[in-house]
Amino acid sequence: MNTSNPLSHPQVEQRVNELLARMTLEEKVGQMNQELPLAPPQLDAVRAGRIGSFITEVSALAGAGVDPSPAVRAEICNDLQRVAVTESRLGIPLLFGRDVIHGYRTIFPIPLGMAATWNPERVEQAASVAAMEAAAAGIKWTFAPMLDIARDPRWGRIAEGPGEDPFLGSALARAMVRGFQGDNLSRPDKLAACAKHYAGYGAAEGGRDYNFVDISMRTLRDVYLPPFRAAVDAGAATLMSGFHDYSGVPVAANRTLLTDVLREEWGFQGFVVSDWNAVHELVVHGIAADDGDAAVKATTAGVDMDMIAGAYVNQLAQQVRSGRLSIDVVDQAVRRILRVKLAAGLFDHPYTDPQRAARVILTPDHRALARQLAHESCVLLKNENNLLPLRPEGPFKRIAVFGPFAQARGELFGTWTLDGRAEDVTSIADALRETAPTPFEILCLSDKPDESLYHTLMGVDLAVLVVGEHPRRSGEAASVSNLELPAGQRQMIESIHDAGVPIVLIVLAGRPLAIKREVDLAHAVLYAWHPGVEGGYAVADLLFGRAVPSGRLPVTMPRATGQVPIYYNHRNTGRPAANRGDSSRYIDLPIGPLFPFGFGLSYTTFRYSDMRIVQNGRTVHISAQVTNTGAIAAVETAQLYVRDVVASLTRPVKELKGFCKLFLQPGETQTAHFTLSEEDLTFTGLDDRPVFEPGVFHVWVGAHSASGLQGTFEL
Ligand code: GLC
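Residues numbered from 1 in each chain as written. Predicted model: local features only at pLDDT ≥ 70, side-chain atom pairs only at ≥ 80, totals over all residues. Heavy atoms only, no water.

Caption draft 1: Summary view of the packing of aromatic side chains. Using the criterion set out here, one finds 18 aromatic pairs in the structure. Here the aromatic rings of W118 and F659 are separated by 5.2 Å at their centres, their planes lie at 75°, and the arrangement is edge-to-face. Placement of W118 in the loop between α5 (111-115) and α6 (120-136) and of F659 in strand β19 (residues 655-664) is noted, with a sequence separation of 541 residues between them. Exposure remark for W118: the relative accessible area of 0% places this residue in the buried category. Ring plane angle 25° and centroid distance 5.2 Å describe the contact between F595 and F599, whose orientation is recorded as stacked. Here the two residues F595 and F599 agree in accessibility, since each one is buried. Cluster of aromatic residues (ring-pair linked, three or more members): W118, F167, Y568, F597, Y641 and F659. Taking NZ or CZ as reference, K196 lies 5.4 Å from the ring centre of W416, over its face. For the cation-ring pair, K654 lies above Y641, with the distance from its terminal atom to the ring centre recorded as 5.9 Å. (Phe/Tyr/Trp six-rings, centres within 6.5 Å; stacked < 30°, edge-to-face > 60°. Helix = DSSP H or I, 4+ residues; strand = E, 2+ residues; numbered from the N terminus. Buried < 20%, exposed > 50% of the residue type's maximum accessible area, 1.4 Å probe, protein only. Lys NZ or Arg CZ within 6 Å of the ring centre and 35° of its normal.)

In structure tokens form, the structure reads like this:
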């Protein structure tokens, strides 16, 4: 038994066994039941032990701004908790859950934006702040991190995840679990994490949310499972199964994934909660005849808690009494849930100090961290003639700021924001005007271009256009068929360009958009995702040079919608796109993406030189010198990619296997060091088991997935 894992500590097991021995069947099933808090609250059900957890939201789309859930308050949770602890027969405390996806009241950039920081330590800090703030409101469980790798940006939930790469996704998974849970989940400022949506949800066919997923088990294991494995190895207390049908078996009833892989192979000790109504949806999928059948299939497969379908609480007891379901399956699920509640300290500290919130929520330090993350998440895609940063001595003094999101406040939060408040935000236009150094003059113009606007523009030196997509165009149930900017925005950009005014484009988006035309028309392009509560100031800092862009793309930027799915770590085919003659390409597009995975500009330039490869037994050390060849101190993210040249299966043309951030003064050189072992080079073999195959490997060290110094080694 791994005593370092709080979920499987001997004392925890002893308390679980003692409690389980005293529980009735109804009380056991009650622990497997999560409900929405109603008004008036379900106090009788809590007293009867029929509810084990509350999800403090009012709808599955609460995070999309469609149905903002009421604010959670510690007093409300304490009132419910007091009934459970003091008025139920066994006094088992409730577990309060909520989608704290990228911040509680201090809203950080959307997870895809945080992935663009390539800074796990910073992301861990953000998760730690989110936990501190949410826990002060009575929450003890967050339905995060969302770890779904996504290769198709038509899928709206790409906004919530770590991007297209399993290595970067795994690093962020570890960071967020550590940030949420810390090394002691029972601390009053920590939350139980919930890695979701296990597994493969991001591979929905056509990028259509909730659609079926038909990928090989090998691809699932090598691309979609690694971040979940990283989360489990980092001690994640819970996982959430997805809505989707994987290869004909919806994951909520998929024993191979939920038990064989998660429990038998990985040794996961926590519990699995279904997503929303997914247990009932087994009936809709067509693999369960009714809720009773669905409840049996889901528990048997390995879903321990039913989020809100009511299938467990209404069906399981009779399924056990009818002999259709073994009590052992129920006991196993209840054990897992009780383990988490014990590890979370709920039996010893079931209540939240209501005074904490005022001390810890949206503090200046938290805002400063949000601003730092927003700085690091923005990706500079274009900077013609080094137009940015705007310099007092430069040619641009009168600057017009407009566009659909120039004055936006709440929209800067992005999708899955439940507790952020628009009044906490300063818009990009206001931040520019407020912080512009002399001699800049900032003209905040209406976001409706009209004749007078163009007349006004005649007198300006530069136009800063804030464009992109509204948060409701990404996130759950927000798949799009067209990745271009929403209607009217391109036309606005074209008319400003035709008026001869240089353009700096700020793009707010929850996904990579197809903006080839707009990039061509602009002199500079800063991709800000949805940058969070401090996004306005962060963009202003970057434009005026108070911060230097260091973001790197966690996803590939397509030239056109028709190119997706498009991702860097693809297999080669027998006729690669770059082949002369017949090749795997579109005849109406240049080959390759608009911007590759890992790409991002700085206000300085970097040179890579002197790559070295040194083998020491079964370990390979790779290094390269990185020099800041410009005049501004900045951070570079050196990236290591590998290719397995010949193997028993076709292998990706490149795979990210390392990255390191170097802060370099002008003229300074540092060494980027990487180490590879056989374990780093394993993949899922023909027998669906991990395998390392000796042979020749190509390796690159560089600034992104389409560049770098190349070397070769044999292992
Ligand atoms: C939603 C989402 C899931 C979320 C849950 C609770 O449908 O799929 O990510 O955690 O319901 O809000």
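Caption draft 2: The arrangement of the pairing of strand β24 (residues 709-714) in detail. Here six bridges tie strand β23 (residues 696-702) to β24, and the two strands are oriented antiparallel to one another. Along β24, the bridge assignment pairs W700 with Q710. Hairpin connection, β23 to β24: the antiparallel pair is bridged by six residues, and G708 has positive phi, about 130°. (Pairing = 2+ DSSP bridges.)

Caption draft 3: How the structure looks around the pairing of strand β15 (residues 524-529). Counting buried positions over the six residues of β15 gives six, a clear majority of the element. Of the two faces of β15, the one lined by A524, L526 and A528 and the one lined by V525, Y527 and W529 are each fully buried. Here strand β10 (residues 379-383) pairs with β15 via four bridges, running antiparallel. Pairing of K382 across the sheet is with V525, part of β15. Looking at chain direction, strand β14 (residues 503-508) and β15 are connected through five bridges and run parallel. Bridging from a neighbouring strand, L505 pairs with V525 of β15.

Caption draft 4: Layout of helix α21 (residues 535-544). Among the 10 residues of α21, 10 are classified as buried, and the element is accordingly described as predominantly covered. Regarding α21, the residues found buried are G535, G536, Y537, A538, V539, A540, D541, L542, L543 and F544. At its buried positions, α21 is contacted by α16 (364-377), α17 (428-435), β12 (441-444), β13 (462-468), β14 and β15. Just past α21, the residue G545 takes up positive phi, approximately 85°. (Contact = heavy atoms within 4.5 Å.)

Caption draft 5: Focus on the site of the ligand. The environment of the ligand is formed by 15 residues, the closest being D99, R157, K196, H197 and D275. Here D275 contributes a side-chain N or O atom positioned 2.5 Å from an oxygen atom of the ligand. Across the complex, the protein chains shield 100% of the 310 Å² of accessible surface that the ligand would expose by itself. Considered class by class, the residues forming the shell around the ligand number eight nonpolar, one polar and six charged. (Near = heavy atom within 4 Å. Polar contact = N/O pair within 3.5 Å; in protein donor to acceptor, adjacent residues only side chain to side chain. Areas by Shrake-Rupley, 256 points an atom, 1.4 Å probe, with all protein chains shown as cover. Nonpolar A, V, L, I, M, F, W, Y, C, P; charged D, E, K, R; others polar.)

Caption draft 6: Inspection of the pattern of salt bridges at higher detail. This model, assessed by the stated rule, comprises 44 salt bridges. Of the charged contacts, one joins R98 and D419 as a salt bridge, the two residues approaching to 2.9 Å between their closest N and O atoms. One end of the pair, R98, is in strand β3 (residues 95-98); the other, D419, is in the loop between β11 (398-402) and α17, with 321 residues separating them in the sequence. Of the residues examined, R98 reaches a relative accessible area of 0% and is grouped as buried. A network of salt bridges, in which partner residues are shared, links R367, R371, E534, D541 and R546. (Salt bridge = Lys/Arg side-chain N within 4 Å of Asp/Glu carboxyl O.)

Caption draft 7: Quick peek at the packing of helix α8 (residues 217-224) against helix α10 (residues 255-265). For the pair α8 and α10, the least separation of the axes is 14 Å and the interaxial angle reads 55°. As far as their axial angle goes, α10 and α8 are oblique. Note on packing geometry: the crossing formed by α8 with α10 is right-handed. Across from M217, L220 and R221 in α8, the residues of α10 making contact are T256, L257, V261 and E265. The residue makeup of the contact of α8 with α10, split by class, is four nonpolar, one polar and two charged. (Axes fitted to C-alpha atoms, helices over the stretch in contact; angles between N-to-C directions. Parallel < 35°, antiparallel > 145°, perpendicular 65-115°, else oblique. Left-handed = near helix turned anticlockwise from the far one by under 90°.)

Caption draft 8: Quick look at a nonpolar patch on the surface. Where nonpolar side chains cluster on the molecular surface, the patch consists of V645, V646 and V696 and spans about 230 Å² of accessible area. Along the polypeptide, V696 turns up in strand β23. Residue class for V696 comes out partly exposed when judged on its relative accessible area of 33%. (Patch = residues over 30% accessible without salt bridge, like charges linked within 9 Å, V, L, I, M, F, W, Y side chains within 5 Å.)

Caption draft 9: Inspection of the sheet that holds strand β17 (residues 619-628) at higher detail. Sheet architecture is open: three strands sit in the order β16-β17-β20, paired in antiparallel fashion. A single partner strand is all that each edge strand has here, and the edge strands are β16 (606-616) and β20 (669-677). The mean angle between the axes of side-by-side strands here comes to 20°, regardless of whether they run parallel or antiparallel. Of the strand pairs in this sheet, β16 and β17 are connected by nine bridges, and their pairing is antiparallel. If you follow F606 over to β17, its bridge partner there is N628.

Caption draft 10: Seen up close, the side chain of T426. Note on placement: T426 falls in the loop between β11 and α17. Side chain to side chain, T426 and Y537 meet in a polar contact 3.2 Å long. In contact with T426, other than residues within four places in its own chain, are L412, A431, E434, G536 and Y537.

Caption draft 11: Structural detail: unusual backbone geometry. Backbone torsion omega between K196 and H197 reads -5°, so that peptide bond is classified as cis. In this structure, H197 sits in strand β5 (residues 194-198). Following V564, the chain continues into P565 via a peptide bond in cis, with omega recorded as 0°. Note that P565 resides in the loop between α21 and β16. The phi angle at N386 is positive, at roughly 50°, despite the residue not being glycine. Along the chain, N386 turns up in the loop between β10 and β11.

Caption draft 12: Spatial organisation of the nonpolar core. In terms of nonpolar packing, the biggest core is built from 215 residues, with Y198, L390, L465, I496, I506, Y527 and L543 touching the most fellow members. Viewed by domain, this core spans two of them, domain 1 (371-544) and domain 2 (606-714), each represented by three or more residues. Dropping the residues within four chain positions of it, I496 is found in contact with F402, Y454, L457, A463, L465, V501 and I503. By size, the runner-up hydrophobic cluster in this structure holds 23 residues, among which are F674, L676, F692 and F713. (Core = buried A, V, L, I, M, F, W, Y, C linked by side-chain atoms within 4.5 Å. Domains from an automatic or database assignment.)

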